[in-house]
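For reference, the chains in residue letters:
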Amino acid sequence: MKRLLPFKKWLAVFLILFNTLAFSKELPNILELKYDLTQNGESLGTVIEKFMIDELGNYHIESITKGVGLYALFGDRVLMSEGKITIEGLKPKRFEVHQGSNASKNAIVDFDWDNQILITQYKGSETKENIENKTQDLISYLYQFNYENFDEPIIEFVAATGKKYKKYQFRVVDKKAVLSLGNTSFETTSIQSIAEKDGKPETQIWLSNKLYKLPIRIRYQEKNGSTLEQNLVQTNIDLNAF
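Everything numeric here is computed off the predicted structure, so don't read it as measured data. For every chain, the first residue of the written sequence is number 1, and numbering continues from 1 along that sequence. With the structure being a predicted model, the display of local features is reserved for residues of pLDDT at least 70 and the display and counting of side-chain atom pairs for 80 or more, all residues being used for whole-chain, interface and lining totals. Excluded from the side-chain calculations are hydrogens and water; all other atoms, namely the structure's heavy atoms, are used.

A few words on the overall build of the protein chain. Comment: elements are numbered from the N terminus, with helices defined as DSSP H or I runs of at least four residues and strands as E runs of at least two. Each helix and strand in the protein chain was counted, giving 2 helices and 17 strands. Whether a residue is buried, partly exposed or exposed follows from its accessible area with a 1.4 Å probe, protein chains only, as a fraction of its type maximum: under 20%, in between, or over 50%, in that order. Split into buried and exposed, the 242 residues of the protein chain put 40% on the buried side. Sequence-distant contacts, at least 24 apart, represent 41% of the contacts inside the protein chain between residues at least 6 apart. Under the convention used here, a 1.4 Å probe and the Shrake-Rupley method define accessible areas, while residue burial counts only the protein chains that appear. When the accessible surface of the protein chain is totalled, it reaches about 14,000 Å², and 52% of it is carbon and sulfur. Should any heavy atoms of two residues lie within 4.5 Å, those residues are considered in contact.

Moving on, we come to the environment of Asn224. Mapped onto the secondary structure, Asn224 falls in the loop between strand E16 (215-221) and strand E17 (227-238). Taking the C-alpha atoms as reference points, Asn224 and Lys197, separated by 27 residues in sequence, lie 9.6 Å from one another. Pairing of N or O atoms within 3.5 Å defines a polar contact, subject to two protein rules: one partner must be a possible hydrogen donor and the other a possible acceptor, and residues neighboring in sequence count only if both atoms are side-chain atoms. At a separation of 2.6 Å, a polar atom in the side chain of Asn224 contacts the side chain of Ser226.

Here we take up the packing of aromatic side chains. Here the aromatic set is Phe, Tyr and Trp, taking the six-membered ring for Trp, and pairing holds for ring centres within 6.5 Å; pairs whose planes are under 30 degrees apart are stacked, those over 60 apart are edge-to-face, and all others are tilted. Per the counting criterion, the structure on display carries 11 aromatic pairs. Between Phe111 and Trp113, the ring centres sit 5.9 Å apart and the planes meet at 15 degrees, which makes this aromatic pair stacked. Classification of Phe111 by relative accessible area gives buried; the value is 6%. Relative to Phe150, the ring of Phe145 lies with its centre 6.5 Å away and its plane at 40 degrees, an arrangement referred to as tilted.

We count a salt bridge whenever a side-chain nitrogen from Lys or Arg sits within 4 Å of a carboxyl oxygen from Asp or Glu. Taken as a whole and judged by the stated rule, the model has 9 salt bridges. For Arg94, the salt bridge goes to Asp110, with nearest N and O atoms at 2.7 Å. Here the residue Arg94 occupies a position in strand E5 (residues 89-99), and Asp110 occupies one in strand E6 (residues 107-112), the gap between them amounting to 16 residues. Taking relative accessible area as the criterion, Asp110 reaches 21% and is therefore assigned partly exposed. A salt bridge links Lys134 to Glu148, with the shortest nitrogen-to-oxygen separation between them at 2.9 Å. One end of the pair, Lys134, is in the loop between strand E8 (125-130) and strand E9 (135-137); the other, Glu148, is in the loop between helix H2 (141-144) and strand E10 (154-160), and 14 residues separate them in sequence. Here the salt bridges share partners, and the residues they tie into one network are Arg94, Glu96 and Asp110.

Okay, structure coming up:
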């Protein structure tokens, strides 16, 4: 004869399972994005991203930047993030950066959440730092916006880049900013970093209001004064992967 759980324990187990499933489905099981990448209006190449969630709530993100023309000589830049989907959003476990065949630019970051330690391997050395609960990496933070509260004046988190451990702070500029790309218009939430370069926001992002708060446009102000921009040109969403 099977022993049934007391109601309170059964309810607790149910709520844990329900919350896990509910939040894992906030983002689609499979998502593919393609961006055009430009620098000061000149084409640099494309960024292709694939986001996946498995049946256990583990996520995997791969972002590949492919250059065109002379930029193709540098090889593909690959960012990889994997971890868990939780009630609060993405919780990275491992982050990797690879630049073509140039191993000196590779970086591997492991998130030891049990001991609250970030372990970074870069240029042959290993560093360890204490990490905060709300820590992302250079690619996962863009998907974390889906879980953020935009009624707050400031959105902030810490992210591992492979080279450093940096705090990011964004302020909401406009919750109904209309962004036109070609013949398509998007209603977006426009945010920009508090950090600036040469009097301009270091990072500006336009997030879709109807598509999981995914970035439609990302604009970076580089150290040399040039502007790097990603614009979404294609999406492929699978809502029924499992």
